[in-house]
Amino acid sequence: MARLNVVQAINLALRQEMRKDKRLIVLGEDVGKSGGVFRATDGLQEEFGEDRVVDTPLSEVGIVGTSIGLAVNGMRPVAEIQFSGFLYSAYDQITTHAARIRTRSRGRFTCPIVIRSPYGGGVRALELHCESQEAILAHTPGIKVVIPSRPYDAKGLLISAIRDPDPVVFLEPMRVYRAIKEEVPEEEYTVPLGKADVIKKGTDLTVISWGAMMKYTREALEKADYNAEIIDVRTISPLDSETIINSVKKTGRCLIVHEAPRTCGFGAEIIAQINEKAFLHLEAPVERVTGFDVPFPMYKLENYYLPDERRILKGVEKVMKF
Amino acid sequence: MYLLMLRIRKFEEKVVELYPAQDMRSPVHLYIGHEAIATGVCLNLRKDDYVSSNHRGHGHCIAKGMDMRLMLAEFYGKKTGYCKGKGGSMHLVDPENGVLGTSAIVGGGLPLAVGAALASVMQGNERVSVAFFGDGAVDEGSFHESLNFASLKKLPVVFVCENNFYATNSHQSARHSNNDIACLAEGYMMPSVCVDGNDVITVFETARNAINRARSGKGPTFMECRTYRWKAHVGPDCDVEKGCRPREELDQWVKRCPVKRFRELLLDENVLPESEMLELARQVDEEIEEAVIFAKNSPLPSPTELYEDVY
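Every value quoted in this text rests on a predicted model; they were computed, and no experiment measured them.

Asks: Before we go on, may I ask you to explain the domain arrangement of chain A in this structure?
Replies: As a measure of interface size, the accessible area lost when the parts come together is often cited. All names here are of chain A. Examined at the domain level, chain A breaks down into domain 1 (2–184) and domain 2 (197–320). Contacts between the two partners involve 29 residues from domain 1, matched on the other side by 26 residues from domain 2. In this structure, the salt-bridge partner of R150 is D197, at a minimum N-O distance of 4.0 Å. The interface formed by domain 1 and domain 2 contains 11 residue pairs in polar contact (both at pLDDT 80 or more). Those elements that place two or more of their residues in the side of domain 1 that touches domain 2 are α6 (134–138), β6 (144–146) and α7 (151–163). Across the side of domain 1 that touches domain 2, the residue classes tally to 16 nonpolar, five polar and eight charged.

Have a look at this one:
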């Protein structure tokens, strides 16, 4: 067992799965020779060759469309979209073909592709390099949306995503790519898709988050005067409603933290489900601490945009003092 | 070859006949006028070769061996259809016959054919992919991304552009800075030809060379096949009455009907006597009638099937 960061855990997962499954290929812009802009595919081309680690043109529609063709013809492509902002053009193929080919073919074709993409803010990388599109993607039936928040889950969830028969968009929080190190087993293991993680039991309120916000939410809650139950959603779609609802029924109070814009953010869906399934258990309206409804701002304003300790604790107070 | 062309033509004519009854629930983009292209290309393909198709895809599906009964059932939204009544005429998929899918997204099928071809290379199985698309797809970014990558990696793909000169109602000259589509493909360093898409023999021979070339590992070929759609962009009617296209233009192309031309050739060369042609037509009529009965008698999907086949 070694202490790895998120990038290293992803690299390890890819390497081990590629050794195991000859159908697995990695493709994307700069993934081969240069090992990816964040080094997530570092050294893979050296070990597996140019045929299995393919540098592509700057062609997001082509990368995803080609991956779909590979997948239905028996391969297991893992495509990298260099920044999640570039997913917007790839979204064409994701939604019009990847998400639907199983339905159209009466289940006779599946589309086992993984689309990895660094996402989220906090790295001073300006708009289109800091986007959080989990809600847009979750609104597309037929694809799964997975977001790890730490190295252990990054490896286990990525292996599950690779082995899943359906298309998975795997969003990797750039801000914590190297900010967290923890013990990651060398041997293979999986973390199931569609299963949230209760990372801390508590009684006063339920706090729900995912991605990079998980780290900052946890740190903020250490300074709160309440005993929070903390849930890492991990898979946005399909959502593990059960874990969330059970927790909210127990605590009666809930705060959701995400960095994506507020309106129609994924927090809204979670609130809707709580209203449907746990309304009579609520002691207070569910609160959200989110990004704002603006294009992602650069540099100084980024600090105001992203939920921080002050805003998270204020959200906790609001829920508790209602 | 004649049988296949007749099958496509008569299938589409049956759709025209049935459509006004308003119980066929899918919009339809009819292939009438294009028959020589699907026929000439697909007769060179193996069952396990791949095709990606577009919204005007009935002809490709029939030519690739798909079952007309299941196609019609799908148009009627029946659970026996190719997509269990969920996809309609524009989204037919059939793994058994190598049909990656027809698609309502113009240009959307090209990268799928490219990806399937890359997989074939990696698996060493000599399967060829054919991408069928129209001149409208040339407007799209996916066209250029797909040609570039296929040529770069020398993939076994044949790009077949059915240039009928109209994307919905916009003429090619109002959309393309360069009206020579085949010339665009040359820019991507692949052999590229422009042929009469209403001449099934020419299409067949050109496609044979292109497919052989792909199968022997020499990379992609581009075929622009010039043709004309007889019906409106969508639906069983003709849009000429609505002033969408000049009547004289349609008349000119109808004179060059691909089915009629091939029929005349067969008669002139004494390949197939008229009596056998009539017998073939009767046989096709029977097949289609059987398909109609199958489709009409099939059950509609139940509400509980809504969630099936999503994940």
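Asks: How should I be thinking about the sheet that holds strand β1 (residues 50–52) of chain B in this particular structure?
Replies: As a general point, the strands of a sheet are linked pairwise by backbone hydrogen bonds and lie either parallel or antiparallel. Residues and elements named next belong to chain B. Taken in spatial order, the six strands line up as β2-β1-β3-β4-β8-β7 in an open sheet, and their pairing is parallel. In this open sheet, the two edge strands, each paired with only one partner strand, are β2 (99–101) and β7 (192–196). Each strand of the sheet is rotated relative to its neighbour by a mean of 20 degrees, with strand direction disregarded. Pairing analysis gives six bridges linking strand β4 (residues 157–163) to strand β8 (residues 221–226), with the strands arranged parallel.

Asks: Explain the pattern of salt bridges to me, please; I cannot follow it from the model alone.
Replies: In a structure, side chains of opposite charge can pair up when their charged atoms sit close to one another. For the structure on display, the rule yields 50 salt bridges over all chains. Residues E229(A) and K250(A) are paired through a salt bridge, measuring 2.5 Å at the closest nitrogen-oxygen approach. Residue E229(A) is located in strand β11 (residues 228–232), and its partner K250(A) is located in helix α9 (residues 241–251); the two are separated by 21 residues in the primary sequence. The partner of E17(B) in a salt bridge is K14(B), with the nearest N and O atoms 3.2 Å apart. Of this pair, E17(B) and K14(B) both sit in helix α1 (residues 2–18), separated by three residues, roughly a single helical turn. By relative accessible area, K14(B) is classed as buried at 12%.

Asks: For this particular structure, what's the right way to read the packing of helix α3 (residues 60–72) of chain A against helix α4 (residues 87–98) of chain A?
Replies: To describe two helices that pack against each other, one gives the angle between their axes and the distance between the axes. All names here are of chain A. Packing of α3 against α4 brings their axes to within 7 Å, and their N-to-C directions diverge by 25 degrees. When the axis of α3 is compared with that of α4, the two are roughly parallel. Considering how the two elements wind past one another, α3 and α4 form a crossing that is right-handed. Contacts from E60, V61, V64, G65 and I68 in α3 reach S89, A90, Q93, I94, H97 and A98 in α4.

Asks: How should the interface of chain A and chain B be read in this particular structure?
Replies: Taken residue by residue, the interface counts 40 residues in chain A and 41 residues in chain B. Between chain A and chain B, the buried area comes to about 3,100 Å², and carbon and sulfur atoms account for 64% of it. Contact with chain B buries surface across chain A, with N73(A), R104(A) and R106(A) losing the most and accounting together for 23% of the total. Where chain A packs against chain B, one counts two salt bridges. Here E96(B) makes a salt bridge to R108(A), at a shortest N to O gap of 2.5 Å. Applying the counting criterion to the chain A and chain B interface returns 16 residue pairs in polar contact (both at pLDDT 80 or more). Among the elements of the structure, β3 (53–55), α3, α4 and α5 (101–104) of chain A are those that each provide at least two residues to the side of chain A that touches chain B. With nine residues, the top contributor of residues to the side of chain A that touches chain B is α3(A).

Asks: What is the right way to read the pairing of strand β7 (residues 168–173) of chain A from this model?
Replies: Two faces, one strand: in a regular strand the side chains alternate between the faces of the sheet. All names here are of chain A. When you tally the buried positions in β7, you get six out of six residues, the bulk of the element. Side chains V168, F170 and E172 of β7 all project onto a buried face; the interleaved residues V169, L171 and P173 project onto the opposite face, where all are buried too. As paired elements, β6 and β7 share three bridges and run parallel to each other. Note that in β7 the partner of K144 across the bridge is V168. Handedness of the β-α-β unit built from β6, α7 and β7 comes out right-handed.

Analysis parameters
Residues numbered from 1 in each chain as written. Chains lettered and ligands numbered in written order. Predicted model: local features only at pLDDT ≥ 70, side-chain atom pairs only at ≥ 80, totals over all residues. Heavy atoms only, no water. Domains from an automatic or database assignment. Contact = heavy atoms within 4.5 Å. Salt bridge = Lys/Arg side-chain N within 4 Å of Asp/Glu carboxyl O. Polar contact = N/O pair within 3.5 Å; in protein donor to acceptor, adjacent residues only side chain to side chain. Helix = DSSP H or I, 4+ residues; strand = E, 2+ residues; numbered from the N terminus. Nonpolar A, V, L, I, M, F, W, Y, C, P; charged D, E, K, R; others polar. Pairing = 2+ DSSP bridges. Axes fitted to C-alpha atoms, helices over the stretch in contact; angles between N-to-C directions. Buried < 20%, exposed > 50% of the residue type's maximum accessible area, 1.4 Å probe, protein only. Parallel < 35°, antiparallel > 145°, perpendicular 65-115°, else oblique. Left-handed = near helix turned anticlockwise from the far one by under 90°. Buried area = accessible area lost by both parts, 1.4 Å probe. Right-handed = clockwise from strand over helix to strand, strands pointing away.

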